Amino acid sequence: MASEQPGFWARVQRASVERLHIRLESLVVLLALSTAMALLSPYFLSLSNFLNILLATSTIGVLAIAATFVIGSGGLDLSLGSVMGLAGVAGAFVAVNLGWPSVFAVAACILAGAIAGYINGQLVTRAFVPAFIVTLGMLGLARGLALVISKGRAIYGLPPEAVYIGQGRPFGVPMPVIILVLTAIVAHAVLAYTRFGRHTLALGDSEGAARAAGIRVEHHRRIIYTLSGALAGLAGLLFTARVNAGDPTAGINYELTAITAAIIGGTNLFGGRASILGTMIGALIMGVLQNGLTLLAVQSYYQQMAIGAVLILAVFIDQYQVRKESRV
Amino acid sequence: MTLLSLRGIRKSFGAVDVLHGVDLSVAAGEVVGLVGDNGAGKSTLMKTITGIYRADTGSIEFDGKDILALDPGQRRRLGIEMIYQDLSLAKQQDVASNIFLGREPTKKLLGLFPGFVDKSEMDRQASKMIERLGAHLPSINRSVGSFSGGQQQTVAIARALTFNPKLVIMDEPTAALAVREVQSVLDLIRRLKSEGIAVILISHRLNDVLSVTDRIVVLRHGRADADLVTARTNMNEVVSRIVGGGDTAAAAAHEQRG
């Protein structure tokens, strides 16, 4: 077949997608954005600000990993932010109100998230309610439950071991950053190189093909939603430990940022294509954007608008490219 | 040697009788065309062969064994493979991922962590499969969705071959293809035959059926109405058996042009 030789840029693009599972455009955007911020603010380029960005990105980063798995499998989880808030309150409740050791608080965070995710998965696969509705409902349910448990007030006074998870700095690196990096490495390996990860993407690509290949589709989806909830629980743990309080309003609108990070990172909104490495770049873009706007003293209301605009823009560009490719 | 033998297959859904005693036999390495008008019962018949439907009465023997009571998975293990019209491909995944979907070879990462997909082994075997089919793909690492219809068909057939089938059932493999691509798919069918694999070809494109099959079975009103040797029949006869008499000359002429 006589196809014309693709150009250099196209070849590098393809190689980066095939070998590293990332879209080159997102790296370019990250570099351009960082350069712009460095030029605009004298405070941007410093080690402490760099660690600040990573620390601020850690919670969103963990949520974005969850979003990548769910969206990559052709699903959607709008309850990420609320479940994160619920998990943080559950952990703080166990540690402060019940007075149990920190290890139980940690377990409570993850478990609360996993249970919420498991319920999402059961409803999506057994009750045939669309994921959009199930997780939108869970968004309300989890937030309400967090407010009920905490009686609407933040639960202060976590034990020092729990606080260390959020505020500790071994070798000068914040603990949440270390936890995010470790989680991302494991998640990347699972998604890109294991049967579980490949089946996840195949499922998001074509449920019929996955079913025909003998993959237990519903079972797989339940695992994905449970995993998503557990990761939201981990994000809740990081946040709660960092601010030393179980705040029932924590994580409001975080699903917006997390989903945006995943989409910027190259996750196909309709499933079938996703990479944790790409998502991490997406999360960093969001982190740099928020950090830079803060340094430039832009009101946080505008930051919210910027994130929403970036989400729509990212999906627009992705769909534009998909349409362009399918025309060839 | 008879590979597949159906006798007196009946199947009804509630009050609707779809198959009224179908007899059909396929020899090893034989290519049999299955034609018939819409609603003649082709799909139902194929699904009773693959085991998705259970025949109400009748017998099905495959490779000398009675398979009537076996489920689709068991029949697949015996060597019955079906390629559906939609091909059931994951379009954003590459060739090897599709061929080995659900059965990926694994290795231990650093000798410690199990469950990691052995991608290089997968690619190697996938290339071998494509080569065995005498087909050419632009690149084995590209997503299947970027391929033409015929190339996608090649991937679907390669996947079917990894199960070492004795019989491959193909549902309208040429329906959505460009003319040049049709030829390459017909070549693939001949290749399967040369390897001793039997093929049942379901198709509305009678030109393709006439060019590649050994026999043509016409299904009409839930019965195998005619069993024609391809070398001794022609378009007119096949069309008249499908529509069942009447003014067939015009219909045949129409088919010939199409």
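Computed from a predicted structure; not experimentally measured.

**Thoughts on the overall build of chain A**
Alright, step 1. When you go through chain A residue by residue, the secondary structure sums to 14 helices and 2 strands.
Alright, step 2. Expected size for 328 residues packed as a compact globule is a radius of gyration near 20 Å; at 20 Å, chain A falls within 12% of this value.
Alright, step 3. Projected onto its principal axes, the C-alpha positions of chain A cover 70 × 55 × 35 Å.
Alright, step 4. The buried share of chain A, taken over its 328 residues, is 51%.

**Details of the overall build of chain B**
Alright, step 1. What chain B contains, in helices and strands, is 9 helices and 12 strands.
Alright, step 2. For 258 residues, the compact-globule estimate of 2.2 N^0.38 gives 18 Å, and chain B sits close to it at 20 Å.
Alright, step 3. Taken along its principal axes, the extent of the C-alpha atoms in chain B is 70 × 40 × 35 Å.
Alright, step 4. Within chain B, the fraction of its 258 residues that count as buried is 41%.
Alright, step 5. Long-range contacts, defined as pairs at least 24 residues apart, comprise 64% of the intrachain contacts of chain B with a sequence gap of at least 6.

**Let's talk about the interface of chain A and chain B**
Alright, step 1. Every contact between the two is made by 20 residues of chain A and, on the other side, 17 residues of chain B.
Alright, step 2. Those elements giving two or more residues to the side of chain A that touches chain B turn out to be helix H9 (195–205) and helix H10 (207–212) of chain A.
Alright, step 3. Here the residues of the side of chain A that touches chain B are counted per class, giving 8 nonpolar, 7 polar and 5 charged.

**Details of the environment of Ser82 of chain A**
Residue and element names in this part refer to chain A.
Alright, step 1. Counting through the fold element by element, Ser82 comes out in helix H4 (residues 80–97).
Alright, step 2. The spacing of Ser82 and Ala116 is 34 residues in sequence and 10.0 Å in space, taken between C-alpha atoms.
Alright, step 3. Leave out the neighbours within four places in its chain, and Ser82 touches Met138, Leu139, Ala142, Arg143 and Gly251.

**Observations concerning helix H5 (residues 149–161) of chain B**
All names here are of chain B.
Alright, step 1. Given a rise of 1.5 Å per residue, 13 residues ought to cover 18 Å, and the 18 Å separating the end C-alpha atoms of H5 matches this to within 8%.
Alright, step 2. Of all 13 residues making up H5, 12 are buried, and the element is well covered by its neighbours.
Alright, step 3. Three or more residues of H5 are buried, namely Gly150, Gln151, Gln152, Gln153, Thr154, Val155, Ala156, Ile157, Ala158, Arg159, Ala160 and Leu161.

**Considering the confidence of the model for chain A**
Alright, step 1. Averaged over all residues, the pLDDT of chain A is 90; the fraction at 70 or higher stands at 94%.
Alright, step 2. Per-element confidence in chain A is highest for helix H11 (residues 217–243) of chain A, whose mean pLDDT is 97, and lowest for helix H1 (residues 8–20) of chain A, whose mean pLDDT is 66.

**Considerations on the sheet that holds strand S2 (residues 16–27) of chain B**
Residues and elements named next belong to chain B.
Alright, step 1. Pairing is antiparallel across the open sheet formed by 4 strands, whose spatial order is S2-S1-S4-S5. With one partner strand each, in any of the chains shown, S2 and strand S5 (65–66) form the two edges of the open sheet.
Alright, step 2. Across 2 bridges, the pairing between strand S4 (residues 57–62) and S5 is antiparallel. Bridging across to S5, Glu61 finds its partner in Asp66.
Alright, step 3. Sheet strands touched by helix H1 (residues 42–50): strand S1 (2–13), S2 and S4. Its angle to S2, the strand with the most contacts, is close to 60°.

**Side note on the sheet that holds strand S10 (residues 198–202) of chain B**
Residues and elements named next belong to chain B.
Alright, step 1. The 6 strands are arranged S6-S9-S10-S3-S11-S12 in an open sheet whose pairing can be described as mixed. The open sheet has two free edges, formed respectively by strand S6 (80–83) and strand S12 (223–229), since each of these has just one partner strand. Shown here is a sheet whose adjacent strand axes are inclined to one another by a mean of 20°, direction ignored.
Alright, step 2. Where S6 lies against strand S9 (residues 167–171), 4 bridges are found, and the strand directions are parallel. Paired with Glu81 across the bridge in S9 is Val168.

Rules used throughout
- Residues numbered from 1 in each chain as written.
- Chains lettered and ligands numbered in written order.
- Predicted model: local features only at pLDDT ≥ 70, side-chain atom pairs only at ≥ 80, totals over all residues.
- Helix = DSSP H or I, 4+ residues; strand = E, 2+ residues; numbered from the N terminus.
- Rg over C-alpha atoms; globule rule 2.2 N^0.38 Å.
- Buried ≥ 20, exposed ≤ 12 C-beta atoms within 10 Å, placed from the backbone.
- Contact = placed C-beta atoms within 7 Å.
- Nonpolar A, V, L, I, M, F, W, Y, C, P; charged D, E, K, R; others polar.
- Expected span 1.5 Å × (residues − 1).
- pLDDT = per-residue confidence, 0-100.
- Pairing = 2+ DSSP bridges.
- Axes fitted to C-alpha atoms, helices over the stretch in contact; angles between N-to-C directions.

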